[in-house]
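Overview (structure and organization)
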Amino acid sequence: MSAWLPRRDDDPAPLAGLRVLDLSELLPGPFMTQSLVELGADVLKVERPPHGDPVRRSAPALFEAVNRGKRSLTIDLKADEGRRQLLALAADADVMVESFRPGVIGRLGLDWATLQAANPALVLVSLSGYGPQGPRAQWPGHDINYLAAAGVVGMAMKDPQAAPSFGVPMADLAGATYALSAVQTALLQRHRTRRGQHLQVSLTDCVAHWMNPRLAALHDAGGDAALARRRVQQRPGYGVFHCRDGRAITVAALEDHFWQALVRTLPLPAFAGADCARYADRVARAGAIHAAMAAQLAREDLNDALQRLAAADVPVAEVVALDALPDSPALAGRGRFTGSELGPLLRFPVDFEGAPDAAMLSAAPPLGC
């Protein structure tokens, strides 16, 4: 009996009938395939015995969050029978995702040529830290390493002695998101060519792609990296400020028309003249502007400042703590959350006709079920 669910022509889900073989572990691959589940794909999580994905034991809540709606199958890929079983599954799959270090899947006897022979239409996604070529291909790593290698940490550091702390694993999630986009593109291409392909997704490459706007800033700064960093970090009318009640507000009055609304409403009379009318003129006074904004906002409670500035069409938002996220005014009432065994989780951020109800997804599967 096939491990795959039967394809149904009457299933309205966007990715109904798509079969995904998920060999990935930890976060990037499972996050990507979780998105495929929420769009209607059948995802079979292949785990190594005896314990499966190590996140099952090291971070059970994380495992639940990124493996809901999948099914689990344990296969020993080091055994001949396990490889035969995997190839049989791959023969009927549309997509296969793996996150071993480069070269490992080949040493297991499951290289691209072998998989392609079993299924010429298969799309194989290989997620790795630094890609299959280059001097760091075999280096181990985690999110902070990839962010550092891609220039993100360097761009974010204000104090050379104190590295910044990032609240979300950006390289991991950038890689997952690019992989999701790449798979959809490969499937669209396959519709024309009738052939699958092997997609190599480097987490470092993906987050480095986000640096293109900052490379443009480097050009504007005449190649001076320190100047480019300061210009990004110290933008006039832009930042996080603490209010009288201890809560924090973000203001982003970058464009000239937003700036004019800010100086009238906050108010900032010392910076309301023609000498600050243009953004380029305000850059040199960014420090003084920031200090004046901080002093003004420290005199009032967050809700008062938020409502007053928003009414004046100034870009503002409150800083929302993690435990308050389900009640965030920007998300509340928009149907973005769904219930789970962990409490509220965010559903796929784009709505599609026919997409399955995320609230109906089963819990993450027990090992081998």
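This is a predicted model, so every value here is computed, not measured. (Residues numbered from 1 in each chain as written. Predicted model: local features only at pLDDT ≥ 70, side-chain atom pairs only at ≥ 80, totals over all residues. Heavy atoms only, no water.)

On to the packing of helix α11 (residues 212-220) against helix α12 (residues 225-233). For the pair α11 and α12, the least separation of the axes is 8 Å and the interaxial angle reads 120 degrees. The way α11 lies across α12 gives a crossing that is right-handed. Residues Arg214, Ala217, Leu218 and Asp220 of α11 form the contact with α12, whose participating residues are Ala225, Ala228, Arg231 and Val232. Grouping the amino acids of the contact of α11 with α12 by side-chain chemistry returns five nonpolar, no polar and three charged. (Axes fitted to C-alpha atoms, helices over the stretch in contact; angles between N-to-C directions. Helix = DSSP H or I, 4+ residues; strand = E, 2+ residues; numbered from the N terminus. Left-handed = near helix turned anticlockwise from the far one by under 90°. Contact = heavy atoms within 4.5 Å. Nonpolar A, V, L, I, M, F, W, Y, C, P; charged D, E, K, R; others polar.)

Right, let's get into the pattern of salt bridges. When their charged atoms lie close together, side chains carrying opposite charge are able to pair. In the structure shown here, the tally under the stated rule is 18 salt bridges. Residue Arg7 pairs with Asp94 through a salt bridge whose shortest N-O separation is 3.3 Å. A residue pair is termed long-range when its members are at least 10 positions apart, and Arg7 in the segment before β1 (19-22) and Asp94 in the loop between α4 (80-91) and β4 (95-98) qualify at 87 residues. A relative accessible area of 10% means that Asp94 is categorised as buried. Note that Arg83 is salt-bridged to Asp80, the shortest N-O span being 2.3 Å. One end of the pair, Arg83, and the other, Asp80, are both in helix α4, three residues apart, so they sit about a helical turn from each other. The class of Asp80 is partly exposed, set by a relative accessible area of 49%. (Salt bridge = Lys/Arg side-chain N within 4 Å of Asp/Glu carboxyl O. Buried < 20%, exposed > 50% of the residue type's maximum accessible area, 1.4 Å probe, protein only.)

Moving on, we get to the nonpolar core. One finds Val20, Met32, Leu36, Val95 and Val125 to be the most contacted residues of the largest nonpolar core, which totals 38 residues. With eight residues, the top contributor of residues to this core is helix α9 (residues 170-193). Each residue touching Leu36, except ones within four places of it in the same chain, is listed here: Leu15, Val20, Ala41, Val43, Leu180 and Gln184. Counting 23 residues, the second-largest nonpolar core is a separate cluster that includes Leu266, Phe271, Cys276 and Ala292. (Core = buried A, V, L, I, M, F, W, Y, C linked by side-chain atoms within 4.5 Å.)

Let us look at unusual backbone geometry. In the segment running from Pro49 into Pro50, the intervening peptide bond is cis, with an omega of 5 degrees. Counting through the fold element by element, Pro50 comes out in the loop between β2 (42-47) and α2 (55-58). In this chain, Leu266 is followed by Pro267 through a cis amide linkage whose omega measures -15 degrees. When you line up the elements, Pro267 lands in the loop between α13 (256-265) and α14 (279-283). Of note, Arg194 is a non-glycine position whose phi angle comes to about 65 degrees, a positive value. Among the residues examined, Arg194 registers a relative accessible area of 59% and is labelled exposed.

Further remarks concern the sheet that holds strand β3 (residues 71-74). Sheet architecture is open: six strands sit in the order β3-β2-β1-β4-β5-β6, paired in parallel fashion. The outermost strands of the open sheet, each flanked by one partner alone, are β3 and β6 (198-202). The mean inter-strand angle of the sheet, taken between neighbouring strand axes irrespective of direction, is 20 degrees. The pairing of β2 with β3 spans four bridges and is classified as parallel. Each bridged residue has a counterpart across the sheet, and for Lys45 the counterpart in β3 is Ser72. Sheet contacts for helix α1 (residues 28-38): β1, β2, β4 and β5 (123-128); angle to β1, the most-contacted strand, approximately 160 degrees. Lying over the sheet, α9 contacts β4, β5 and β6, oriented at roughly 165 degrees with respect to β5. (Pairing = 2+ DSSP bridges.)

As for its placement among the helices and strands, Asp42 is situated in strand β2. Within the local environment of Asp42, its side chain forms a polar contact with the backbone nitrogen of Leu5, the two atoms lying 3.0 Å apart. Here the side chain of Asp42 touches Arg71 through a polar contact of 2.8 Å, side chain to side chain. The contact partners of Asp42, leaving out residues within four places of it in the chain, are Trp4, Leu5, Leu18, Arg19, Val20 and Arg71. (Polar contact = N/O pair within 3.5 Å; in protein donor to acceptor, adjacent residues only side chain to side chain.)

Okay, the packing of aromatic side chains next. In total, this model carries three aromatic pairs according to the counting rule given. Between the aromatic rings of Tyr130 and Trp139, the centroid separation amounts to 6.5 Å while the plane-to-plane angle is 85 degrees, which identifies the pairing as edge-to-face. Pairing Tyr130 with Tyr146 gives two aromatic rings, centres 5.3 Å apart and planes at 80 degrees, and the pair type is edge-to-face. One end of the pair, Tyr130, is in the loop between β5 and α7 (143-149); the other, Tyr146, is in helix α7, and 16 residues separate them in sequence. Classification of Tyr130 by relative accessible area gives buried; the value is 13%. Given the relative accessible area of 6%, Tyr146 is considered buried. One aromatic cluster in this structure is built from Tyr130, Trp139 and Tyr146. The positively charged end of Arg235 is found above the aromatic ring belonging to Tyr238, 4.1 Å away from the centroid. (Phe/Tyr/Trp six-rings, centres within 6.5 Å; stacked < 30°, edge-to-face > 60°. Lys NZ or Arg CZ within 6 Å of the ring centre and 35° of its normal.)

Geometric values such as these leave the question of function open.
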